[in-house]
Amino acid sequence: MALLLPDNLLVMNPPKCASTWVRQAVRQAFCGRVLEVGYWHATLDDILAPNIVHVKTIISFVRHPAHWYPYAWMYYKRTGRYPRQPHEPKVEHDTYNQFLENCLRANPNGYLSHWLNRYLHCRSGRTADAICKTESVADDLKVTLKRMRIPHDPSAFDRDPINTADGQERPVADPELWEWLMRSERPLINRYYADAGLHA
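These notes cover the structure that comes with them.

Calculation rules
Residues numbered from 1 in each chain as written. Predicted model: local features only at pLDDT ≥ 70, side-chain atom pairs only at ≥ 80, totals over all residues. Heavy atoms only, no water. Phe/Tyr/Trp six-rings, centres within 6.5 Å; stacked < 30°, edge-to-face > 60°. Helix = DSSP H or I, 4+ residues; strand = E, 2+ residues; numbered from the N terminus. Buried < 20%, exposed > 50% of the residue type's maximum accessible area, 1.4 Å probe, protein only. Expected span 1.5 Å × (residues − 1). Axes fitted to C-alpha atoms, helices over the stretch in contact; angles between N-to-C directions. Parallel < 35°, antiparallel > 145°, perpendicular 65-115°, else oblique. Left-handed = near helix turned anticlockwise from the far one by under 90°. Contact = heavy atoms within 4.5 Å. Nonpolar A, V, L, I, M, F, W, Y, C, P; charged D, E, K, R; others polar. Pairing = 2+ DSSP bridges.

1. Regarding the packing of aromatic side chains
One pass over the full model with this rule turns up 10 aromatic pairs. Pairing Trp21 with Phe157 gives two aromatic rings, centres 6.1 Å apart and planes at 45°, and the pair type is tilted. With Trp21 in helix H1 (residues 19-29) and Phe157 in the loop between helix H6 (137-147) and helix H7 (175-184), this pair connects stretches of sequence that are 136 residues apart. Each member of the pair Trp21 and Phe157 is classed as buried. Three or more aromatic residues joined by ring pairs make a cluster, and in this case those are Trp68, Tyr69, Trp73, Tyr82, Tyr96, Phe99, Tyr111, Trp115 and Tyr119.

Structure, rendered in structure tokens:
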């Protein structure tokens, strides 16, 4: 579920983009009413298309593919759940390399890029007004909210973001498969991480 905050600010909830931490921190940062909108990990179209709520400003999130893929798989291995809708292609698999291969087959032009796009844009043409990177989520939220002049308590973002995969060994991908996967995600990497020092 996305969060609708005072001043009609909508905070999206893309899967595996520090959403648990964001939800907790945002609730602490705002004194006014915080409403949950839509279902868990609802997309922008899910929230805006029905015209149920008036939204003035949208904040959403991205994560570098080199981080998102292993953590999405680790989440699946730990919980048995994978964040997709029933109508979406099944890519989850018990083995990491097969999972990556399934993602490539599902969308050779960037599985994650296409997937995250639904949390950044909607079919009506509306797009997120600000996009925060998961790797620097606390600082990005502070800067974004200050720039938008939205009253909040910045100290709520001072605690370290939660890493739900702590203690799990990060999987290792087949090098050639990984290279193909990162190449498919190059537009997303170039757009949001060109100057971030994060490389595939």
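Having put the structure on the table, let's press on.
2. Remarks on helix H3 (residues 65-79)
Its 15 residues give H3 an end-to-end C-alpha distance of 21 Å, which sits within 8% of 21 Å, the value for a rise of 1.5 Å per residue. The buried count for H3 comes to 11 of 15 residues, which makes it a mostly enclosed element. Within the sequence span of H3, burial applies to Pro65, Ala66, Trp68, Tyr69, Pro70, Tyr71, Ala72, Trp73, Met74, Tyr75 and Tyr76. Just downstream of H3, Gly80 is the residue with a positive phi angle, here 80°.

3. Some points on the packing of H3 against H7
Two numbers describe how H3 lies on H7: the axes approach to 10 Å, and their chain directions differ by 120°. Taken together, the axes of H3 and H7 are oblique relative to one another. Classified by chirality, the crossing of H7 by H3 is right-handed. For the pair formed by H3 and H7, the contact residues are Pro65, Ala66, Tyr69 and Pro70 on the first element and Trp178, Leu181 and Met182 on the second. Within the contact of H3 with H7, the residues separate by chemical class into seven nonpolar, no polar and no charged.

4. Things to note about the pairing of strand S4 (residues 57-62)
Taken across its six residues, S4 has six buried, putting it largely inside the fold. The pairing of strand S2 (residues 9-11) with S4 spans three bridges and is classified as parallel. When the bridges of S4 are listed, Leu10 appears paired with Ile58. Pairing of S4 with strand S5 (residues 130-133), which is carried by four bridges, proceeds in the parallel orientation.

5. A closer look at the pairing of strand S1 (residues 2-5)
Along S1, one buried face is formed by Ala2 and Leu4 and the opposite face, lined by Leu3 and Leu5, is buried too. As defined by bridge partners, S1 adjoins strand S3 (residues 35-37) across three bridges and the pair is classed as antiparallel. Directly across from Leu3, in S3, lies its bridge partner Glu36. Sheet topology places S1 next to S2; three bridges connect them, and they run antiparallel. The partner of Leu5 across the bridge, within S2, is Leu9. The hairpin turn running from S1 into S2, its antiparallel successor, is three residues long, and Asp7 in that turn takes a positive phi close to 65°.

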